[in-house]
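Tertiary structure, described
If you want the building blocks of each chain, they are given just below.
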Amino acid sequence: MAAGEEENIIKQYQPLIRALIPYEQQNRLLEGINKFSKRLPSQVRKVVKDEVVRLTSLTDAPADNSAFAQFPVMKFKHRGVQMRLDKVGAEILKNETSLYQDRYTVGVFESIMNSDFYQTQIKKDQFKKIVDAFKVESQSFTDIDFGEDIAIKPNFTVSSSEFDKGRHCPVTALAYDSMSVETKRPPASSIGDKVSFCLPEALGSSYENTEIEFVLEGIKFNKAMGKYESYFALAESTPDQVKVLLQNYIKTSAYKQPLQRDLEIERTLQDLERDRILENCPWLPVFASLKSKERRPLIALFTRTSVEQNKTKALLDSLSGKQFFSSLTSELGTYGEAYVFQGNVKTKSGEVSVTVTHRQLLEAGQLSAIVYLLARTGDFVCTQCRLDSITPEDKDKAFAIHDVSADDNENLNEISHVIYCREVTSHIENLTLLEKCDFKPLSKNFRTSSDKHHIDFVMEEALDRRAETRYVMDKAASVKLGLLSTVDVRVKDLSASGMKIFVPTACDMQDEIRVSIPDFKIKSERYKVIDYNTESGVARLSLVNGGKKSKTASQVDAMVEVNSAYFKLRDVARIQRATHRFLWELAVRHLPSLSVLCVINRHILDRLKTVYQSDASDDLYPFSRTQNITPLHGFFADKAETKPKSKMLESMFSGEIDSSLVVHCIRNSDKRLVFIKEQDFMASKLRGQIQNQLEDNKVQVSATDVVAVRCNGATTPLTKKRFAQLSKVDKTMYNKLYAMQEGYTHCIFVTNISVLHHDLVLAKLIQKPTNPSDKKKSVA
């Protein structure tokens with residue numbers, strides 16, 4: 001065989017040769033060759049074998065890489081052989097010697113003296129620095145599980161004649177098998193002393209005044225509190241019934257009382273950060289009941305950011321169709337994610353409203369046609385939906401934390417799932433056909449139905465613009481529409497100058513009507529009709545007062561003042577506040593996107609503080625998390641740079657851009673990642689090449705939507721609630737954490753939308769040429 005052919009074989013099979021080196025070191029070379037290269041020609045096998053033997057043979061040749069070294073060269077001896085290497089060469093020597101079983105061989109020598117190998121090592125080191133620079137600590141949206149270490153700080157004291165002269169001592173921590181108490185002076189007790197404390201009534205009446213024996217394990221001075229803490233362990237002789245009682249009390253009180261200081265700080269910090277993510281999240285949570293035969297959406301939770309980022313009315317309207325909602329939830333139950341198109345398309349018979357998921361369009365072979373028609377009219381909304389289940393445990397926590405009665409809120413008890421929705425219209429609004437397609441007749445199943453569910457909504461108090469207190473009720477009333485026309489209605493809520501009524505049968509409502517409510521002694525009072533929905537039968541009325549407070553308004557105020565206890569329970573603001581907090585508590589535990597919290601810092605990369613993601617999230621794809629460390633270089637790092645930099649983050653923090661699409665292609669043959677610029681992926685000839693590769697099943701497409709949202713403020717609607725427990729435990733830490741809230745600046749949401757873009761590419765849809773000045777440029 002010619003020398004040139006051998007060189008080509010060695011170059012081609014270099015990975016195989018390096019894989020066989022450990023086998024040669026263990027005298028198992030033939031076994032390795034048979035394992036890795038059964039189908040290779042005999043001549044190739046011989047060349048590979050000879051090359052492995054040559055590389056593993058010992059040598060004493062001195063190595064000197066000063067000809068291409070980029071760092072100062074050092075002189076030293078290795079295995080008695082003289083070396084002149086820089087720090088990169090020394091690192092190569094170390095790594096290669098390890099590969100060759102701590103021997104200085106021909107292979108080690110050639111690796112050191114090979115400038116290409118040197119450059120490869122430098123690139124590896126540079127890449128490692130970039131990866132390390134973009135690593136961020138990760139947390140889960142799931143509550144921190146303290147397990148057996150959980151301990152609460154109950155609001156009672158204990159006493160014993162055998163300890164501190166019988167004084168009542170506050171309990172600083174109560175765990176399953178231990179307890180610590182607080183004293184002003186060091187107690188006159190010794191380690192190992194047995195002390196019997198009287199069980200307080202709060203633990204349960206069945207064991208009232210029963211003494212529990214503890215063993216003193218230690219006494220320490222707490223500098224933060226300025227007092228002494230004595231640590232006790234539960235005695236081994238304690239009855240099992242008492243142990244179970246303690247465990248049940250701690251479990252039921254964990255969300256009603258503060259935890260032990262360190263645990264409470266951890267819990268408070270997690271709650272504050274999850275609240276901040278939800279407050280600034282572009283996703284709109286819609287809570288639903290999917291257990292019964294009739295699947296129905298119940299209520300949506302509005303936040304300031306979700307209202308700004310989405311067309312909430314159109315979004316809720318797209319989910320409200322009864323038949324469509326049933327099919328949507330079935331799809332979400334199967335895939336966990338769906339994309340909903342709602343809008344108007346022009347047909348030969350006129351303009352038609354459609355509501356359909358992208359998978360339904362795929363199944364009918366109409367994705368390209370319908371998306372083209374929707375984009376052509378511009379009158380449509382595309383919504384990304386993700387489903388998660390709400391467990392009874394989640395609801396129990398929410399009821400306990402906010403002291404909401406489950407019996408008085410049966411509608412909240414019906415919640416079984418949450419559907420997170422966000423508008424992604426910008427990803428398809430500029431798409432057009434790459435080539436002609438068939439326009440089939442529009443299926444009846446795609447048309448928007450008029451038979452719809454009613455979806456209620458609740459918002460934080462800062463978004464509520466009501467000027468008066470309203471009270472929920474159900475009172476009989478009558479409406480006079482004309483001289484001889486009267487309709488019986490029901491009053492659903494009432495305020496000093498307005499009301500909401502339910503009209504059982506549709507009728508022609510005039511601009512002004514007269515309302516009589518016998519129970520409140522209101523007779524033929526003039527009201528202006530603000531809004532009347534004939535489908536739901538709900539009418540909203542405003543009192544006609546001529547610019548001054550009427551007798552009726554004063555009468556309502558007086559009635560509320562006299563019956564304050566009755567009306568307090570029916571205050572709409574109070575009911576909605578409790579509902580808002582309950583839904584908020586459910587929402588923060590099931591947020592759908594990988595979220596990055598950012599803080600103030602001089603250095604861009606140090607602004608990435610914490611990553612939050614659910615355990616089942618695939619938003620990090622094609623990358624993966626290692627324990628509690630999340631790599632973000634694939635989304636934020638500048639490509640082809642030798643140092644850690646991010647133009648995307650700089651632009652997002654400065655407000656130049658607020659979103660970017662990050663695209664990778666994964667080759668199925670070797671799982672190698674290929675980064676593609678957003679503009680190339682959406683609007684260049686490369687899109688056609690990717691489509692062909694997808695059809696041949698040679699690649700996979702990963703498309704990730706990165707959205708940055710500037711924090712609305714230092715506090716959220718539940719900030720005071722979160723700090724309430726911590727303020728009872730450690731005032732100093734409370735002040736520090738409260739001041740720290742000013743440091744949060746942005747929330748960045750990383751969302752995988754590969755399913756949509758994969759199917760749009762295969763549907764041969766491409767972005768229309770756009771004028772860069774028309775909108776903010778994206779950074780890829």
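Residues numbered from 1 in each chain as written. Predicted model: local features only at pLDDT ≥ 70, side-chain atom pairs only at ≥ 80, totals over all residues. Heavy atoms only, no water.

We now examine the overall build of the chain. When helices and strands are tallied, the chain shows 26 helices and 33 strands. In terms of C-alpha radius of gyration, the chain reaches 35 Å, well past the compact-globule figure of 28 Å for 780 residues. Dimensions of the chain, computed from C-alpha atoms along their principal axes, come out at roughly 110 × 95 × 45 Å. In the chain, which comprises 780 residues, the proportion classed as buried is 48%. The long-range fraction of contacts in the chain, counting pairs at least 24 apart against all pairs at least 6 apart in sequence, stands at 68%. The averaged location of the 102 negative side-chain charges in the chain is 3 Å from the averaged location of its 109 positive side-chain charges. (Helix = DSSP H or I, 4+ residues; strand = E, 2+ residues; numbered from the N terminus. Rg over C-alpha atoms; globule rule 2.2 N^0.38 Å. Buried < 20%, exposed > 50% of the residue type's maximum accessible area, 1.4 Å probe, protein only. Contact = heavy atoms within 4.5 Å. Lys, Arg positive; Asp, Glu negative; His and termini not counted. Charge placed at Lys NZ, Arg CZ, Asp CG, Glu CD.)

Next up on the list: empty space enclosed by the protein. Counted according to the given criterion, the structure contains two cavities of 30 Å³ or more. The space that makes up the second largest cavity amounts to roughly 30 Å³. Around the second largest cavity sit Leu 434, Arg 687, Gly 688, Gln 691, Val 761, Lys 764, Leu 765 and Ile 766, which together line it. Mapped onto the lining of the second largest cavity, the elements with two or more residues apiece are α23 (686-695) and β33 (765-767). Sorting elements by how many residues they give to the lining of the second largest cavity places α23 first, with three residues. (1 Å grid on protein atoms, 1.4 Å probe; cavity = no way out; pocket = protein on both sides within 12 Å on 5 of 7 lines; lining within 4 Å. Points joined across faces, edges and corners; volume = space filled by probe spheres on them.)

Taken together, eight strands build an open sheet; the order of strands is β28-β4-β27-β26-β32-β31-β29-β30 and the sheet is mixed. Every interior strand has two partners, whereas the edge strands, β28 (629-631) and β30 (673-676), have only one. Adjacent strand axes in the sheet meet at a mean angle of 30°, parallel and antiparallel pairs treated alike. Judged from the three bridges that link them, strand β4 (residues 135-140) and β28 form a sheet pairing that is antiparallel. From the neighbouring strand, Glu 137 faces β28, where its bridge partner is Ile 629. (Pairing = 2+ DSSP bridges. Axes fitted to C-alpha atoms, helices over the stretch in contact; angles between N-to-C directions.)

A low pLDDT score tells you not to read the predicted coordinates there in detail. Predicted confidence across the chain gives a mean pLDDT of 87, with 94% of residues reaching 70 or more. The model gives residues 773-780 a pLDDT under 50, and that stretch makes 17 contacts with residues more than four places away or in other chains. (pLDDT = per-residue confidence, 0-100.)

In this structure, Phe 341, Phe 681 and Ile 690 are the most contacted members of the largest nonpolar core, which totals 37 residues. Looking at this core element by element, the count peaks at five residues for helix α14 (residues 367-377). Apart from residues lying up to four places away in sequence, Phe 681 is in contact with Leu 661, Val 663, Ile 676, Arg 687, Ile 690, Val 701, His 757 and Val 761. Grouped together as the second largest cluster of nonpolar side chains are 35 residues, Ile 277, Phe 287, Ile 299 and Val 458 included. (Core = buried A, V, L, I, M, F, W, Y, C linked by side-chain atoms within 4.5 Å.)

Here Arg 359 is to be found in helix α13 (residues 358-364). Not counting residues within four places of it along the chain, the set of residues in contact with Arg 359 comprises Glu 331, Tyr 335, Glu 337, Ala 338 and Val 755. One polar contact links Arg 359 to Glu 331, side chain to side chain, over a distance of 3.2 Å. (Polar contact = N/O pair within 3.5 Å; in protein donor to acceptor, adjacent residues only side chain to side chain.)

For the pair helix α15 (residues 392-401) and helix α19 (residues 572-587), interaxial distance at closest approach is 9 Å and the crossing angle is 135°. When the interaxial angle is binned, α15 and α19 end up oblique. Crossing hand, α15 versus α19: right-handed. Across from Asp 394, Lys 395, Ala 398, Phe 399 and Ile 401 in α15, the residues of α19 making contact are Phe 582, Glu 585 and Leu 586. (Parallel < 35°, antiparallel > 145°, perpendicular 65-115°, else oblique. Left-handed = near helix turned anticlockwise from the far one by under 90°.)

Let's shift gears to a positive patch on the surface. A contiguous patch of positive charge, built from Lys 87, Lys 129, Lys 643, Lys 645 and Lys 647, is present on the exposed surface. Looking at the element boundaries, Lys 643 is found in the loop between α20 (633-636) and α21 (647-654). (Patch = residues over 30% accessible without salt bridge, like charges linked within 9 Å, V, L, I, M, F, W, Y side chains within 5 Å. Areas by Shrake-Rupley, 256 points an atom, 1.4 Å probe, with all protein chains shown as cover. Salt bridge = Lys/Arg side-chain N within 4 Å of Asp/Glu carboxyl O.)

With that settled, consider a negative patch on the surface. A surface patch of like charges, here negative, comprises Glu 148, Asp 149, Asp 177 and Glu 217. By the element assignment, Asp 177 lies in the loop between β7 (169-175) and β8 (178-183).

Moving on, we come to the pattern of salt bridges. Enumeration over the complete set of coordinates arrives at 35 salt bridges. Close ionic contact of Asp 730 with Arg 261 constitutes a salt bridge, the shortest N to O distance being 2.4 Å. Placement of the pair is Asp 730 in the loop between α24 (719-729) and α25 (731-740) and Arg 261 in helix α9 (residues 261-279), with a sequence separation of 469 residues. Judged by its relative accessible area of 25%, Arg 261 falls in the partly exposed class. Note that Arg 296 is salt-bridged to Glu 414, the shortest N-O span being 2.4 Å.

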